[in-house]
Amino acid sequence: MATEPSASNNGVPEESSSSSSSSPPASSAIDFLTLCHRLKATKRTGWIKRDIKGPESIADHMYRMGVMALITADIPGVNRDKCVKMAIVHDIAEAIVGDIAPCDGVPKEEKNRREREAIEQMCTLLGGGDRAKEINDLWMEYENNSTPEAKVVKDLDKVEMILQALEYENEQGRDLEEFFVSTAGKFQTDLGKSWAAEIASRRKRKEEK
């Protein structure tokens, strides 16, 4: 029979020991969330370099990817809930290292080293434990492209970027062809290919008008 949580002196139920063991202390959680504020404040480098007005933040990008993962149809062998989590974690290291884009000239190995170090710092800040391990494992899976979920989220990353590019083209009259060229032929899943094709089709129809 399940036991009721014990109540503290102020009437608020206290967490059980098993629950608290997997949750970060309040001080660590708030420190971690304060650091994550940088994701909301940091604009995506690719759009800044191209003088986009009011460019999206890293958090904007991650949020819509989370929504993308949420609305996908069930795919055999793919855990959709895990995809949602991975989407909101995949760029989290950028809270420390910033959005390092190819145009910055940082070698891929160095970028990976900085981001891995940042993830370790963030997981330590969170106090270690189950939640920190989950974030680390999700991030590593994504970086290594080592699971079906990682392949889906990698595709969603590219899909979100070209959808944003199309929106900036429509809103600001820009030509952002390079973003479509850079992702062409690089989608790994049927989902990614289908959504990218739909975006490309809408862009073509717009150009034909």
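Look above for the structure.
Before going into details, it helps to say that this report is about the structure given with it.

Each value, and the rule that gives it
Residues numbered from 1 in each chain as written. Predicted model: local features only at pLDDT ≥ 70, side-chain atom pairs only at ≥ 80, totals over all residues. Heavy atoms only, no water. Helix = DSSP H or I, 4+ residues; strand = E, 2+ residues; numbered from the N terminus. Buried < 20%, exposed > 50% of the residue type's maximum accessible area, 1.4 Å probe, protein only. Contact = heavy atoms within 4.5 Å. Areas by Shrake-Rupley, 256 points an atom, 1.4 Å probe, with all protein chains shown as cover. Salt bridge = Lys/Arg side-chain N within 4 Å of Asp/Glu carboxyl O. Core = buried A, V, L, I, M, F, W, Y, C linked by side-chain atoms within 4.5 Å. Axes fitted to C-alpha atoms, helices over the stretch in contact; angles between N-to-C directions. Parallel < 35°, antiparallel > 145°, perpendicular 65-115°, else oblique. Nonpolar A, V, L, I, M, F, W, Y, C, P; charged D, E, K, R; others polar. Polar contact = N/O pair within 3.5 Å; in protein donor to acceptor, adjacent residues only side chain to side chain.

### Points about the overall build of the chain
Part 1 of the argument: Per the secondary structure count, the chain includes 11 helices and zero strands.
Part 2 of the argument: Of all 209 residues assigned to the chain, the portion counted as buried reaches 39%.
Part 3 of the argument: Put simply, 66% of the contacts in the chain that link residues at least 6 apart link residues at least 24 apart.
Part 4 of the argument: Surface exposure of the chain reaches about 12,000 Å², of which carbon and sulfur atoms provide 52%.

### Some remarks on the pattern of salt bridges
Part 1 of the argument: If you walk through the whole model with that rule in mind, you get 18 salt bridges.
Part 2 of the argument: Residue Glu56 pairs with Arg44 through a salt bridge whose shortest N-O separation is 3.2 Å. Taken as a pair, Glu56 in the loop between helix 3 (45–49) and helix 4 (58–71) and Arg44 in the loop between helix 2 (26–41) and helix 3 lie far apart in primary sequence, 12 residues in all. Residues Glu56 and Arg44 agree in their burial class; the two are buried.

### What about the nonpolar core?
Part 1 of the argument: Counting 46 residues, the largest nonpolar core has Trp47 and Ile92 as the members making the most contacts within it.
Part 2 of the argument: Only helix 2, helix 4, helix 5 (80–89), helix 7 (108–125), helix 8 (129–144), helix 9 (148–172), helix 10 (177–183) and helix 11 (190–208) provide two or more residues apiece to this core.
Part 3 of the argument: With 10 residues, the single largest contributor to this core is helix 9.

### Topic: the packing of helix 8 against helix 9
Part 1 of the argument: At a minimum axis distance of 8 Å, the contact between helix 8 and helix 9 shows a crossing angle of 75°. Regarding the angle of helix 8 to helix 9, the classification is roughly perpendicular. In contact with Glu141, Tyr142 and Glu143 of helix 8, helix 9 contributes Ala150, Val153, Lys154 and Asp157.
Part 2 of the argument: In terms of residue class, the contact of helix 8 with helix 9 is made up of three nonpolar, no polar and four charged.

### Examining the environment of Glu178
Part 1 of the argument: Counting through the fold element by element, Glu178 comes out in helix 10.
Part 2 of the argument: Assessed through its relative accessible area of 42%, Glu178 is described here as partly exposed.
Part 3 of the argument: A polar side-chain atom of Glu178 sits 2.8 Å from a polar atom in the side chain of Arg50.

### A few points about the packing of helix 5 against helix 8
Part 1 of the argument: Following both chains from N to C, one finds helix 5 and helix 8 inclined at 90°, their axes separated by 9 Å at the closest point. The angle between helix 5 and helix 8 places the two elements in the roughly perpendicular class. Every residue of helix 8 that contacts helix 5 at Lys82, Lys85, Met86 and Val89 is listed here: Glu134, Ile135, Leu138, Trp139, Glu141 and Tyr142.
Part 2 of the argument: Per-class residue counts for the contact of helix 5 with helix 8 are six nonpolar, no polar and four charged.

### A few points about the environment of Met68
Part 1 of the argument: Topologically, Met68 is positioned in helix 4.
Part 2 of the argument: Judged by relative accessible area, which is 6%, Met68 ranks as buried.
Part 3 of the argument: Between the alpha carbons of Met68 and Glu160 there is a distance of 8.4 Å; along the sequence they are 92 residues apart.
Part 4 of the argument: In contact with Met68, not counting residues within four places along its chain, are Leu156, Val159, Glu160, Leu163 and Trp195.

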